[in-house]
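Each chain, letter by letter, is given below.
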Amino acid sequence: AQSVSQHNHHVILSEAASLELGCNYSYGGTVNLFWYVQYPGQHLQLLLKYFSGDPLVKGIKGFEAEFIKSKFSFNLRKPSVQWSDTAEYFCAVTSGSSYKLIFGSGTRLLVRP
Amino acid sequence: SQTIHQWPATLVQPVGSPLSLECTVEGTSNPNLYWYRQAAGRGLQLLFYSVGIGQISSEVPQNLSASRPQDRQFILSSKKLLLSDSGFYLCAWDPRQGWDTQYFGPGTRLTVL
């Protein structure tokens with residue numbers, strides 16, 4: 001069965017620190033990859049997505065992610081975090097012709113001012 | 001623009017009582033609709049999805065059921081709640097145009113006592 005792993009469950013950073021959240025998936029075929037974010041008290045919303053083309057994807061609020069097919073990875077990065085980036089981040093995958101979004105367990109990011 | 005509504009926002013129910021959670025989407029037609037459950041530290045788990053009125057696919061055997069009586073209405077139900085049904089329930093939709101982003105509602109926090 002397909003699965004998504006987010007190895008960092010809790011991350012604490014100071015403002016201006018760099019961020020990288022890991023995401024690995026298990027599926028050998030064509031995948032679509034997503035990062036969603038849930039800010040405190042808000043809806044789950046899309047941060048960025050990869051369907052095809054340039055494996056380096058840029059999203060909102062200065063986030064980016066790189067699809068590395070050989071490593072089955074789609075890590076999320078931001079060069080300098082802000083206090084407002086405090087949220088829970090979810091990696092998700094759809095595979096093949098499936099509608100199903102498979103989510104990772106999420107990473108809670110706390111940015112200290 | 002499209003919006004998605006869920007109600008109630010929070011619900012506290014005794015074990016053995018029935019459940020009905022409602023989700024409606026505005027501003028689009030013929031969407032795919034989804035129910036997810038979010039458990040602490042476990043990410044989001046897909047429960048049901050629907051590609052049209054009366055068409056429901058169940059992903060996880062459980063105490064819950066779903067129905068889609070109208071194009072933009074998706075209902076999650078149970079005849080008798082269990083303690084293990086407690087969680088955060090999210091409804092989502094996508095426009096069914098290729099493999100696109102799913103958009104999430106605000107969620108319902110269900111506590112079964």
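Up top you'll find the structure we're talking about.
This is a predicted model, so every value here is computed, not measured.

(A) Molecular detail of the pattern of salt bridges. Evaluated as defined, the whole model comprises eight salt bridges over all chains. Between D85 of chain A and K78 of chain A there is a salt bridge, with its nearest N and O atoms 2.9 Å apart. In this structure D85 of chain A comes out as buried when scored by relative accessible area, which is 1%. Among the residues examined, K78 of chain A registers a relative accessible area of 6% and is labelled buried. E59 of chain B is the salt-bridge partner of K100 of chain A, the closest N and O atoms lying 2.8 Å from each other. Within this pair, whereas K100 of chain A is found in the loop between β10 (87–95) and β11 (102–103), its partner E59 of chain B is found in the loop between β6 (55–58) and β7 (65–70), the two belonging to separate chains. Here E59 of chain B falls in the partly exposed class, since its relative accessible area comes to 27%.

(B) Here's a closer look at the interface of chain B and chain A. Of the residues lining the interface, 22 residues belong to chain B; the matching set on chain A comes to 20 residues. Buried surface at the junction of chain B and chain A, summed over both partners, amounts to about 1,700 Å²; 60% is from carbon and sulfur atoms. Put simply, chain B and chain A have one salt bridge between them. Summed over the shared surface of chain B and chain A, the result is six residue pairs in polar contact (both at pLDDT 80 or more). Across the side of chain B that touches chain A, the residue classes tally to 11 nonpolar, seven polar and four charged.

(C) How the structure looks around the environment of D71 of chain B. All names here are of chain B. Considering the arrangement of structural elements, one finds D71 in the loop between β7 and β8 (73–78). It is 9.3 Å that separates the C-alpha atoms of D71 and N32, two residues lying 39 residues apart in sequence. For D71, the contacting residues outside a window of four places in its chain are S29, N30, P31, L33 and I53.

(D) Broad picture of the state of the cysteines. Scanning the entire structure with this criterion turns up two disulfides over all chains. Linked covalently through their sulfurs, C23 of chain A and C91 of chain A form a disulfide whose S-S length is 1.9 Å. Around the S-S axis, the bridge from C23 of chain A to C91 of chain A shows a dihedral of about -65° and counts as left-handed. Taken together, the positions of C23 of chain A in the loop between β3 (19–21) and β4 (24–26) and C91 of chain A in strand β10 put the pair 68 residues apart, joining distant regions of the chain. Taken individually, C23 of chain A and C91 of chain A each receive the classification buried, so the pair is uniform in this respect. There is a disulfide in this structure between C23 of chain B and C91 of chain B, and the S-S distance comes to 2.0 Å. Taking the sign of the S-S torsion, about -75° here, the bridge from C23 of chain B to C91 of chain B comes out left-handed. Separated by 68 residues along the polypeptide, C23 of chain B in strand β3 (residues 19–26) and C91 of chain B in strand β9 (residues 87–94) bring together distant segments of the chain.

Calculation criteria
Residues numbered from 1 in each chain as written. Chains lettered and ligands numbered in written order. Predicted model: local features only at pLDDT ≥ 70, side-chain atom pairs only at ≥ 80, totals over all residues. Heavy atoms only, no water. Salt bridge = Lys/Arg side-chain N within 4 Å of Asp/Glu carboxyl O. Buried < 20%, exposed > 50% of the residue type's maximum accessible area, 1.4 Å probe, protein only. Helix = DSSP H or I, 4+ residues; strand = E, 2+ residues; numbered from the N terminus. Contact = heavy atoms within 4.5 Å. Buried area = accessible area lost by both parts, 1.4 Å probe. Polar contact = N/O pair within 3.5 Å; in protein donor to acceptor, adjacent residues only side chain to side chain. Nonpolar A, V, L, I, M, F, W, Y, C, P; charged D, E, K, R; others polar. Disulfide = S-S within 2.5 Å.

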